[in-house]
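Given next are the chains, with one letter for each unit.
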Amino acid sequence: MKAMRSRIPPLDDSVLFEAAIMPHRSLSPRGRRMLIGGLCALLLLTGIRFWIIGAWPVAGFIVVELGLAAFLLWQHQRSARCVELLLLSPDAIRVVRTDPDGRKRETRLSTGWLVVELEERPGRVPGLLLCAPGRRLEVAAALGDEAKRDLAQALRNAVHDVRNPRFDNPQLREP
């Protein structure tokens, strides 16, 4: 989970908790080009070998295979532009999702009845759910198990702090 500065204006100036969730991509654009280049070289050698032994139709399939690999790597890299932003204020939590094309969708849930749940799934990463009366919203699907558990605990603590504010009165402090 990375923190990032939001371009989305908050409901008011009292955002108490903010989390930006972005999918992790370890392959840079340069690395992607190198991977495609390596695949091209490997498939070219394979194609030449099949051409020499007389199985020339295999070359067409190799070209299709290379095109499919390049397309899938491009799609994978493109999905890295997705961002999910959680903004908690005293009256609501906003979940703002940005798709790879830059379109934003916003969902608001009241903090009054908000419950943060981790739904255990055998053999899979648990689901992080924000539950309000009549609504269940899964968030942070891009995170792994440990990061999702940390986010769930941080959200629970933030919601608890919203519901149970602490007022600091200097006159009531012990001398």
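Conventions we followed
- Residues numbered from 1 in each chain as written.
- Predicted model: local features only at pLDDT ≥ 70, side-chain atom pairs only at ≥ 80, totals over all residues.
- Heavy atoms only, no water.
- pLDDT = per-residue confidence, 0-100.
- Contact = heavy atoms within 4.5 Å.
- Pairing = 2+ DSSP bridges.
- Helix = DSSP H or I, 4+ residues; strand = E, 2+ residues; numbered from the N terminus.
- Salt bridge = Lys/Arg side-chain N within 4 Å of Asp/Glu carboxyl O.
- Buried < 20%, exposed > 50% of the residue type's maximum accessible area, 1.4 Å probe, protein only.
- Phe/Tyr/Trp six-rings, centres within 6.5 Å; stacked < 30°, edge-to-face > 60°.
- Expected span 1.5 Å × (residues − 1).
- Arc of directions from axis to C-beta.

*Asks:* Just to check I follow, could you spell out the confidence of the model for the chain for this structure?
*Replies:* Low pLDDT marks regions whose predicted coordinates should not be analysed in detail. When the pLDDT values of the chain are averaged, the result is 85; 93% of them are 70 or greater. Residue range residues 1-8 is modelled with pLDDT below 50. Its contacts to residues more than four positions away, or to other chains, number 17 contacts.

*Asks:* Just checking my understanding: could you explain the pairing of strand E4 (residues 104-110) for this structure?
*Replies:* Across a regular strand the side chains alternate sides, sitting on one face of the sheet and then on the other. The pairing of strand E3 (residues 92-98) with E4 spans seven bridges and is antiparallel. Looking at E4, one finds that Thr98 is bridged to Lys104. With antiparallel pairing between neighbouring strands as the criterion, E3 and E4 make up a hairpin whose turn holds five residues, including Gly102 at a positive phi of roughly 95°.

*Asks:* How should I be thinking about the pattern of salt bridges in this particular structure?
*Replies:* When their charged atoms lie close together, side chains carrying opposite charge are able to pair. Going through the model one piece at a time under the given rule, you end up with 13 salt bridges. With a closest N to O distance of 3.7 Å, Asp91 and Arg108 form a salt bridge. With Asp91 in the loop between strand E2 (83-88) and E3 and Arg108 in strand E4, this residue pair connects regions lying 17 residues apart in the sequence. Residue classification places Asp91 among the partly exposed positions, given a relative accessible area of 44%. Asp101 is the partner of Arg103 in a salt bridge, and the nearest nitrogen-oxygen pair spans 3.4 Å. Given the relative accessible area of 54%, Arg103 is considered exposed. Residues participating in the shared-partner salt-bridge network are Glu117, Glu119, Arg121, Arg136 and Glu138.

*Asks:* Explain the environment of Ala158 here, please?
*Replies:* Tracing the chain through its elements places Ala158 in helix H3 (residues 145-163). Once residues within four sequence positions are removed from consideration, Ala158 is found in contact with Phe17 and Leu88.

*Asks:* Explanation requested: the packing of aromatic side chains in the structure shown.
*Replies:* For any pair of aromatic rings, geometry is given as the distance between the ring centres together with the angle between the planes. Scanning the entire structure with this criterion turns up one aromatic pair. Judged by centre distance (6.0 Å) and plane angle (35°), the rings of Phe71 and Trp74 are tilted. Of this pair, Phe71 and Trp74 both sit in helix H2 (residues 58-78), separated by three residues, roughly a single helical turn.

*Asks:* Looking at this structure, how should I read the side chain of Thr107?
*Replies:* By secondary structure assignment, the location of Thr107 is in strand E4. Judged by its relative accessible area of 18%, Thr107 falls in the buried class. Those residues in contact with Thr107 that lie beyond four places of it in its chain are Ile93, Arg94, Val95, Arg135 and Leu137.

*Asks:* I'm lost on unusual backbone geometry in this one. Help?
*Replies:* Backbone phi values are negative for most residues with the exception of glycine, while trans is the configuration of most peptide bonds. Unusually for a residue other than glycine, Ala140 sits at a positive phi of about 60°. Within the secondary structure, Ala140 sits in the loop between strand E7 (135-139) and H3. Accessibility expressed as a relative area gives 0% for Ala140, which makes it buried.

*Asks:* Even after reading the chapter, I still don't get H2, so can you show me in this structure?
*Replies:* Think of an α-helix as turning once every 3.6 residues; residues three or four places apart then point the same way. Taking 1.5 Å per residue as the helical rise, H2 with its 21 residues ought to reach 30 Å, and the 30 Å between its terminal C-alpha atoms agrees with that figure. All buried positions along H2 are accounted for by Ile62, Leu73, Gln77 and Arg78. The buried residues of H2 occupy one face: seen down the axis, they fall within an arc of 145°. In H2, the exposed positions angled more than 90 degrees off the buried face are occupied by Phe61 and Val64. Considering only its buried residues, H2 is in contact with helix H1 (29-52).

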